[in-house]
Amino acid sequence: MIPRNHLSASTLFAPVLAAAALLPVHIQAAEPGPSGSLFRSAFGDGLEKDYGIKVHGWGQAGWIYNDNGSDDVSKQAFFNNDEGFNLNQFALAIEKTPKGNVVGRVGPFPGPMPQEADWGFNVTALYGKDARFFKTYGFDEDLGVNRSADANDENFNIAQAYLDFYIPVLGGSNLMLGVFHTPLENEIGFALPSPAPTDFYSHTYSFMHGPAKHTGALYSFKLPQEEGGSMLGFELGVVQGWNNMQDPNGDPDVIANLRWRSADFRTWVDWENIYGNGAGDSFAECACGSPIPAGSDDDNLTRYASYLTVSHVLDERNRVAVEFNYGQQEDAAFAAFANKGNAQWYGTDVNWYHRLGDNLMWNSRAEWFYTDAPVHVVMANIDPHTGIPDPSWGSFYGFTTNLAWTPVPNVRLRPELRYDIHSGNGRDAFGGGREDSQLVGSFDVTVFF
């Protein structure tokens with residue numbers, strides 16, 4: 001059995017850990033969680049118990065408003081563009097998680113290495129406004145529902161479709177092959193059984209400037225260790241760039257990540273990196289591919305992004321996480337507005353998670369993000385009628401706090417407040433380009449089934 005302090009840490013690392021389904025094979029969950037409850041009640045639990053195959057889903061919808069009289073709640077409310085009601089995600093997934101001591105995109109876990117190989121898979125379909133940002137060029141971007149959708153309409157995609165293998169080599173290994181959400185960034189959430197329960201309804205600027213998903217291979221492994229010691233894991237990936245199955249420039253990107261876990265599992269350190277050719281992989285006509293346009297598919301323009309996250313469980317009620325991020329794009333398409341050729345961006349965010357009760361969390365976040373030139377398509381403020389950019393760049397400050405209440409296991413209710421300031425050049429970032437600050441209030445509901 002895993003020591004009690006590991007279990008205390010795991011409750012605060014949720015949704016980083018999600019549930020006991022992600023823990024090593026020798027740790028058993030006492031009762032099934034809300035994920036998959038609808039399928040189990042309708043068809044029984046035989047498929048899950050006998051074969052390890054889970055069928056589950058979630059729905060997430062929210063209401064969001066700002067204080068400046070504009071319908072536009074971007075940029076910091078990303079994924080939401082439009083004030084009012086948003087159907088963010090309605091998802092259905094079928095998956096089998098291989099039994100092992102390494103989880104791809106999450107890292108190594110304590111305990112001895114299982115000696116038997118295992119395999120699994122994940123297929124997740126997603127509909128909603130968030131799906132616009134998770135389309136994969138050359139895979140699902142050209143579906144009819146997506147072709148006819150405008151910027152404020154729902155989209156549909158196959159969010160993930162991959163095979164997952166556990167291999168008993170080194171200290172334990174995991175290999176993912178297919179379309180999967182990125183192993184980068186503190187807030188992506190899609191490494192978990194249910195991606196909807198991210199800690200905040202809005203997202204950071206660093207998250208917005210990173211990739212959402214990849215097509216390719218990701219190999220994760222744990223170094224052999226003495227029992228009871230700290231854990232070190234590595235990830236190496238070769239993928240088709242950012243958000244692409246078909247990368248027009250033809251050059252694969254390389255992912256290289258390091259993941260360290262303390263012996264008591266209370267401290268996690270994750271250093272995540274992606275490097276490759278960023279040219280010609282952004283497609284305005286389908287709002288897909290990379291969000292960072294640069295050059296054409298005949299060019300070779302370096303793009304690099306890096307994330308360093310340190311997370312620590314202070315006690316049974318408090319966890320903190322600090323993320324540092326850096327990125328650069330050679331010959332970024334919008335950098336000329338700042339009289340630059342290359343663009344770079346960097347920043348940090350500090351997150352505090354406090355458990356008020358068994359079913360109530362209080363989460364807060366402060367962030368600073370700086371870009372020396374406009375680079376992201378959302379920050380470019382492209383006029384939909386003229387196609388002319390009017391971008392924003394400089395420093396962005398964000399302060400977010402929310403309460404996440406789970407009155408019953410299948411439902412989470414979350415009111416959230418966020419205040420942002422833009423201090424920099426170009427167009428004001430908020431209120432349709434008329435305001436340099438914005439207060440956003442939101443309330444979202446997530447149902448797990």
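Higher on the page you've got the structure.
Parameters and conventions
Residues numbered from 1 in each chain as written. Predicted model: local features only at pLDDT ≥ 70, side-chain atom pairs only at ≥ 80, totals over all residues. Heavy atoms only, no water. Helix = DSSP H or I, 4+ residues; strand = E, 2+ residues; numbered from the N terminus. Buried < 20%, exposed > 50% of the residue type's maximum accessible area, 1.4 Å probe, protein only. Contact = heavy atoms within 4.5 Å. Phe/Tyr/Trp six-rings, centres within 6.5 Å; stacked < 30°, edge-to-face > 60°. Lys NZ or Arg CZ within 6 Å of the ring centre and 35° of its normal. Pairing = 2+ DSSP bridges. Patch = residues over 30% accessible without salt bridge, like charges linked within 9 Å, V, L, I, M, F, W, Y side chains within 5 Å. Areas by Shrake-Rupley, 256 points an atom, 1.4 Å probe, with all protein chains shown as cover. Salt bridge = Lys/Arg side-chain N within 4 Å of Asp/Glu carboxyl O. Lys, Arg positive; Asp, Glu negative; His and termini not counted. Charge placed at Lys NZ, Arg CZ, Asp CG, Glu CD. Core = buried A, V, L, I, M, F, W, Y, C linked by side-chain atoms within 4.5 Å.

Engineer: Which residues make up the environment of Ala-380, and what are the values?
Structural biologist: The topology assignment puts Ala-380 in the loop between strand S17 (360-371) and strand S18 (392-408). With a relative accessible area of 0%, Ala-380 lands in the buried category. Linking Ala-380 and Ala-429, residues 49 residues apart in sequence, is a C-alpha distance of 9.4 Å. Each residue touching Ala-380, except ones within four places of it in the same chain, is listed here: Phe-334, Pro-389, Asp-390 and Pro-391.

Engineer: Run through the packing of aromatic side chains, naming residues and quoting values.
Structural biologist: Across all of its chains, the model carries 18 aromatic pairs by this definition. Look at Tyr-205 and Phe-369: their rings are 6.0 Å apart centre to centre, the planes differ by 25 degrees, and that puts the pair in the stacked class. Taken as a pair, Tyr-205 in helix H5 (residues 205-208) and Phe-369 in strand S17 lie far apart in primary sequence, 164 residues in all. In this structure, Tyr-205 and Phe-369 share a single accessibility class: buried. One aromatic cluster is present, formed by Trp-63, Phe-85 and Phe-443 through successive ring pairs. For the cation-ring pair, Arg-303 lies above Trp-242, with the distance from its terminal atom to the ring centre recorded as 4.7 Å.

Engineer: Before we move on, can you summarise the pairing of S18 with the specific residues and values?
Structural biologist: Taken together, the twelve bridges between S17 and S18 define a ladder with antiparallel strand orientation. Across the sheet, Leu-360 pairs through a bridge with Trp-405, a residue of S18. As paired strands, S18 and strand S19 (residues 411-426) are joined by 13 bridges and run antiparallel to one another. Each bridged residue has a counterpart across the sheet, and for Asn-402 the counterpart in S19 is Glu-416. Hairpin connection from S18 to S19: two residues lie between these consecutive antiparallel strands.

Engineer: Run through a negative patch on the surface, naming residues and quoting values.
Structural biologist: There is a patch of like negative charges on the surface, built from Asp-297, Asp-298, Asp-299, Glu-330 and Asp-331. For Asp-297, the location among the structural elements is in the loop between strand S13 (288-289) and strand S14 (302-315). Residue classification places Asp-297 among the partly exposed residues on the basis of a relative accessible area of 36%.

Engineer: Outline the pairing of strand S2 (residues 84-96), listing residues and values.
Structural biologist: Relative to S2, strand S1 (residues 53-66) is paired through twelve bridges, and the arrangement is antiparallel. Following the sheet pairing, Trp-58 is matched in S2 by Ala-91.

Engineer: I'd like a rundown of the nonpolar core, residues and numbers included.
Structural biologist: Counting residues in hydrophobic clusters, the biggest one holds 27 residues, and the most contacted among them are Phe-180, Tyr-205, Ile-255, Ile-274, Ala-343, Val-375 and Phe-396. Of all the secondary-structure elements, those providing two or more residues to this core are strand S7 (173-181), H5, S14, strand S16 (343-357) and S18. Beyond its immediate sequence surroundings of up to four residues, Phe-180 is in contact with Arg-105, Gln-160, Tyr-162, Lys-213, His-214, Gly-216, Ala-217, Leu-218 and Val-239. The next biggest cluster of nonpolar side chains, apart from the first, holds twelve residues, and it includes Phe-79, Ala-91, Ala-131 and Phe-134.

Engineer: For the side chain of Ser-290, give the residues involved together with the corresponding values.
Structural biologist: Summarising the element assignment, Ser-290 is placed in the loop between S13 and S14. Using a relative accessible area of 2% as the deciding quantity, one classes Ser-290 as buried. Look past the residues within four positions of Ser-290 in its chain and what remains in contact with it is Trp-242, Asn-243, Asp-281, Ser-282 and Arg-303.

Engineer: Break down unusual backbone geometry for me, with residues and values.
Structural biologist: Excluding glycine, a negative phi dihedral is what most residues carry, and trans is how most peptide bonds are arranged. For Leu-170, which is not glycine, the phi torsion reads 55 degrees and is therefore positive. As for its position among the elements, Leu-170 is in the loop between strand S6 (155-167) and S7. For Leu-170, a relative accessible area of 45% puts it in the partly exposed group. Unlike most non-glycine residues, Glu-185 shows phi in positive territory, near 80 degrees. Within the secondary structure layout, Glu-185 lies in the loop between S7 and H5.

Function-wise, these values are silent; they only describe arrangement.
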